[in-house]
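# Summary of the model geometry
Chain by chain, the residues:
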Amino acid sequence: MIGDIRETKECQLKDPMDLFHSGQVVKICAPMVRYSKLAFRTLVRKYSCDLCYTPMIVAADFVRSAKARDSEFTTNKGDHPLIVQFAAKEAQILCDAARIICPFADGIDLNCGCPQRWAISEGYGACLINKPELVKDMVRHVRSQIDNPKFSVSIKIRIHEDLKRTVDLCQKAEAAGVSWITVHGRSIEERHQPVHYDAIKIIKQSMSIPIVANGDIKTLKDAENVHHLTEADGVMVARGLLANPAMFAGYEETPFQCIQDWVDIALEHGTPFTCFHHHLMYMMERITSKQEKKVFNVLSSTSAVLDYLNDHYGV
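Residues numbered from 1 in each chain as written. Predicted model: local features only at pLDDT ≥ 70, side-chain atom pairs only at ≥ 80, totals over all residues. Heavy atoms only, no water.

## Quick word on the packing of aromatic side chains
Heads up, the rule is: Pairs were defined over the aromatic rings of Phe, Tyr and Trp, the Trp ring being its six-membered one, requiring ring centres within 6.5 Å. Orientation was assigned from the angle between planes: stacked under 30 degrees, edge-to-face over 60, tilted for the rest. Going along the chain from the N terminus, every DSSP run of H or I of four or more residues is numbered as a helix, and every run of E of two or more is numbered as a strand. Burial classes follow relative accessibility: with a 1.4 Å probe on protein chains only, a residue under 20% of its type's maximum area counts as buried, one over 50% as exposed, and anything between as partly exposed. Throughout this description, the term charge over a ring refers to an Arg CZ or Lys NZ atom that lies within 6 Å of the ring centre and within 35 degrees of the ring normal.
Tallied over the full model, the rule gives eight aromatic pairs. With centroids separated by 4.9 Å and ring planes inclined at 45°, the aromatic side chains of Phe20 and Trp180 adopt a geometry described as tilted. With Phe20 in helix H2 (residues 17–20) and Trp180 in the loop between helix H9 (163–176) and strand S7 (181–184), this residue pair connects regions lying 160 residues apart in the sequence. Residue Phe20 shares its accessibility class with Trp180, and that shared class is buried. Ring geometry for Tyr308 versus Tyr313: centroids 6.5 Å apart, planes at 55°, classification tilted. Taken together, the ring pairs connect Phe256, Phe296, Tyr308 and Tyr313 into an aromatic cluster. Its guanidinium or amino end placed over the ring of Tyr124, Lys89 lies 5.3 Å from that ring's centre, counting from NZ or CZ.

Here it is in structure tokens:
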């Protein structure tokens, strides 16, 4: 990581807000546990992804442990603009994490949307949408302690059953200096229910900062539809990009060139086998038969996967 960090210092950090001022819908790769790491970010950037997030990192661990920093965060000079997402519940801890990351990333995002039990029991994630004053305090602290005015501070939220509470939260965050807000259009309890795009539209109309829409966007057509439904300034995609990392470039399903690119990038980055294999399983979900999946999904080494891809697809 140190080599990567040195490289980054020589590169030009970017102002993510420039994307929102471009007049185009900003296409964003979501923070995904285990998956939105450097190698995958490198891949989606080749296919028209404008902005990438890291997986969520627990700020307290990141500040306390050099080992956590090395294992949780890697980057390089092509990995921009980049947003590092943190789980935090104390303003100063978030500030300390932001200060460490500031030379190597273009902004931080506070996770106020993770609905997992462990996160909520620790005081992280979606429980923060019920603590608007704390969110406001955390945003304000980072804003006051980071000198770089181009360094963005954003939040990612879920919605309340009573949307007035969500609008109130967003307005408090805006007053504290938040750069933009990503809205996953479901409540904490909702998992696979339809996304409330109408709620995202109401939030967008109540704010003067950029709003990003998130939830069930699986194709470029979906992204365009959600933009029209919500008037959001950007769209954030998670599973849709896992299934088709080239979706933002307009491909209906993962092209073979994208699979080849993933193999090259993953091997170059020394991606662990499980992660390398899982990404391929997602990418090939729509283009392989049931029988092929049975064989491919149980392969247990990089060499076996490479032989399979070469024999079956010439990759």
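## Things to note about the environment of Leu309
Applied cut-off: Note on contacts: a residue pair qualifies if any of its non-hydrogen atoms lie within 4.5 Å across the two residues.
For Leu309, the location among the structural elements is in helix H16 (residues 302–313). A residue is classified by how much of its surface remains accessible, and Leu309, at 1% relative accessible area, is buried. Distance in space between the C-alpha atoms of Leu309 and Leu38 is 23 Å, their sequence separation being 271 residues. Aside from chain neighbours lying at most four places away, what touches Leu309 is Ile259, Val263, Leu280, Met284, Phe296, Gly314 and Val315.

## Points about the state of the cysteines
Under the convention used in this document: In what follows, a disulfide is any cysteine sulfur pair within 2.5 Å.
Under the definition given, this model contains zero disulfides. Left unpaired, Cys49 is separated from the closest cysteine sulfur, that of Cys52, by 3.9 Å. Given a relative accessible area of 7%, Cys49 falls into the buried group. You can see Cys112 has no disulfide; the closest cysteine sulfur is in Cys127, sitting 8.7 Å from it. With a relative accessible area of 1%, Cys112 lands in the buried category.

## Let's talk about helix H14 (residues 273–284)
The line we're drawing: In this scheme, a helix's expected span is set at 1.5 Å multiplied by one less than its residue total.
For H14, with 12 residues, the first-to-last C-alpha span of 16 Å sits near the 16 Å given by 1.5 Å per residue. Residues of H14 that are buried: Cys275, Phe276, His277, His279, Leu280, Met283 and Met284. Buried residues along H14 sit against helix H3 (38–46), helix H12 (239–243), helix H13 (256–269), helix H15 (290–296) and H16.

## Topic: the packing of H3 against H13
Applied cut-off: Only the contacting stretch of a helix is used when fitting its axis, a line to C-alpha atoms as for every element, and angles between N-to-C directions run 0 to 180 degrees. Crossing handedness is defined as follows: a turn of the near helix away from the far one that is anticlockwise and smaller than a right angle gives a left-handed crossing, while the clockwise case is right-handed. Lys, Arg, Asp and Glu make up the charged group, whereas Ala, Val, Leu, Ile, Met, Phe, Trp, Tyr, Cys and Pro make up the nonpolar group; the residues left over, Gly among them, are polar.
Their axes nearest at 9 Å, the elements H3 and H13 cross at an angle of 145°. The hand of the H3/H13 crossing is right-handed. Each of Leu38, Ala39, Phe40, Thr42, Leu43 and Lys46 in H3 lies in contact with H13, whose residues at this interface are Cys258, Asp261, Trp262, Ile265 and His269. Residues of the contact of H3 with H13, tallied by class, amount to seven nonpolar, two polar and two charged.

## A closer look at H3
Each full turn of the α-helix corresponds to 3.6 residues, which orients residues three or four apart in the same direction. Most of H3 is tucked away, with seven of its nine residues classed as buried. On its buried side, H3 packs onto strand S1 (26–29), strand S2 (51–53), strand S4 (82–87), H12, H13 and H14. Ser48 lies just past H3 and shows a positive phi near 70°.

## A short note on the domain arrangement of the chain
Quick reminder of the rule: For the purposes of this description, domain bounds are those given by an automatic or database domain assignment. A simple way to read buried area is as the amount of 1.4 Å-probe accessible surface that goes missing from two parts once joined, with both sides added. Here, a salt bridge means any Lys or Arg side-chain nitrogen found within 4 Å of an Asp or Glu carboxyl oxygen. Counted as a polar contact is a pair of N or O atoms within 3.5 Å, where, for protein atoms, one must be capable of donating a hydrogen and the other of accepting one, and residues adjacent in sequence contribute only when both atoms are in side chains.
As assigned here, the chain comprises domain 1 (16–249) and domain 2 (256–313). With both chains or domains summed, domain 1 and domain 2 bury close to 1,300 Å², and 66% of this area falls on carbon and sulfur atoms. Considering only the side of domain 1, the residues that lose the most area to domain 2 are Tyr35, Ala39 and Leu43, jointly responsible for 36% of the buried surface there. Our count for the domain 1 to domain 2 interface comes out at zero salt bridges. Counting the contacts that link domain 1 with domain 2 gives four residue pairs in polar contact (both at pLDDT 80 or more). Sorting the residues of the side of domain 1 that touches domain 2 by element identifies H3 and H12 as the ones contributing at least two each. In terms of residues, the side of domain 1 that touches domain 2 owes the most to one element, H3, which gives six residues.

## With respect to the nonpolar core
Operational definition: Buried Ala, Val, Leu, Ile, Met, Phe, Trp, Tyr and Cys residues form a nonpolar core when they are joined through side-chain atoms within 4.5 Å.
Membership of the largest hydrophobic core comes to 90 residues, with the highest contact counts inside it found for Phe86, Ile155, Ile181 and Leu309. Mapping this core onto the domain boundaries places at least three of its residues in each of domain 1 (16–249) and domain 2 (256–313). Those residues in contact with Phe86 that lie beyond four places of it in its chain are Met56, Ile57, Ala59, Phe62, Leu94, Ala97, Ala98, Ile101, Ile108, Asp109, Leu110 and Asn111. Core analysis: the second largest hydrophobic core is formed by 11 residues, Met17, Ala30, Tyr53 and Ile83 among them.

## As for the environment of Pro103
Structurally, Pro103 can be placed in the loop between helix H6 (91–101) and strand S5 (107–112). The spacing of Pro103 and Met32 is 71 residues in sequence and 23 Å in space, taken between C-alpha atoms.

## Digging into the pattern of salt bridges
Inspection of the entire model under this criterion finds 12 salt bridges. Linking Lys172 and Glu133 is a salt bridge whose minimum nitrogen-to-oxygen distance equals 3.9 Å. In this pair, Lys172 is assigned in helix H9 and Glu133 in helix H8 (residues 132–145), connecting sequence segments 39 residues apart. Between Asp168 and Lys172 there is a salt bridge, with its nearest N and O atoms 2.9 Å apart. Of this pair, Asp168 and Lys172 both sit in helix H9, four residues apart, roughly one helical turn. Each of the salt bridges in this network shares a partner with another, and the network as a whole consists of Arg186, Asp216, Lys218 and Arg239.

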